[in-house]
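# Structural features, examined
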Amino acid sequence: MKKTLLTALVPFALFAASNAFAGTQNCAAKISAIQAQIEVAKQYGNTHQIAGLQTALAQAKANCTDAGQAGKAEEKVRKAQEDVRKTQEDVRKAEQSLREAQAKRDAKKISKAQEKLNEKQFKLREKMEDLRQAQADLAALKG
């Protein structure tokens, strides 16, 4: 039972992990990753996955261009920048709410506003990391 489950999950995990980077790697790397996944699927005898991966490989060979990949990476950076901007605005609003609660000297409202601010700041750190990763991916593509 465990072996069957592992046999089914390992190729899927590899496929899912490589798809996360599919939009941000050059075409040669993308094709190489798909070929590696096909080999793993063959080792596990996963014929359905092999067929799907062979289709993905054919599409990548026919349609992938490094300029297209760079365009996707640039779009990912723009989206990440917008996410950071929106989250920074959320942090500013949470800071304002905290200042208002502090002005009223209401301990319960202060505590609640502080929690909300901490949450927004945590989200901002996550968005900043996403942006840094997107920028690194773009830089790697542009070499």
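First, a word on scope: everything that follows refers to the structure included in this document. (Residues numbered from 1 in each chain as written. Predicted model: local features only at pLDDT ≥ 70, side-chain atom pairs only at ≥ 80, totals over all residues. Heavy atoms only, no water.)

### Looking at the packing of helix α4 (residues 66-104) against helix α5 (residues 107-142)
Stated precisely, the cut-off is as follows: Axis definition: a line fitted to C-alpha atoms, limited for helices to the stretch in contact. Angles are taken between N-to-C directions and run from 0 to 180 degrees. Runs of H or I in DSSP of at least four residues are treated as helices and runs of E of at least two as strands, each being numbered from the N terminus. Each angle receives one of four descriptions, namely roughly parallel if under 35 degrees, roughly antiparallel if over 145, roughly perpendicular if within 65 to 115, and oblique otherwise. With the far helix as reference, a near helix turned anticlockwise by less than a right angle produces a left-handed crossing, and one turned clockwise produces a right-handed crossing. Note that Gly is not counted as nonpolar here; it falls among the polar residues with everything else outside the nonpolar set of Ala, Val, Leu, Ile, Met, Phe, Trp, Tyr, Cys and Pro and the charged set of Asp, Glu, Lys and Arg.
Where α4 contacts α5, the two axes come as close as 8 Å, and the packing angle between them is 165 degrees. What the angle tells us is that α4 and α5 run roughly antiparallel. For the pair α4 and α5, the crossing hand works out as left-handed. For the contact of α4 with α5, the class distribution of residues is 18 nonpolar, nine polar and 14 charged.

### Here we look at the pattern of salt bridges
Stated formally: Counted as salt bridges are all cases of a side-chain nitrogen of Lys or Arg within 4 Å of a carboxyl oxygen of Asp or Glu. Classification of residues uses two cut-offs on accessible area relative to the type maximum, computed with a 1.4 Å probe and protein chains only: under 20% is buried, over 50% is exposed, and between them is partly exposed.
Here the structure, examined in full by the defined rule, presents eight salt bridges. The salt bridge partner of K42 is E39, with a shortest N-O separation of 3.9 Å. Of this pair, K42 and E39 both sit in helix α2 (residues 27-43), three residues apart, which is roughly one turn of the helix. Between E89 and R92 there is a salt bridge, with its nearest N and O atoms 3.1 Å apart. You can see E89 and its partner R92 sitting in helix α4, three residues apart, about one turn around the helix. A relative accessible area of 31% places E89 in the partly exposed class. A residue is classified by how much of its surface remains accessible, and R92, at 43% relative accessible area, is partly exposed.

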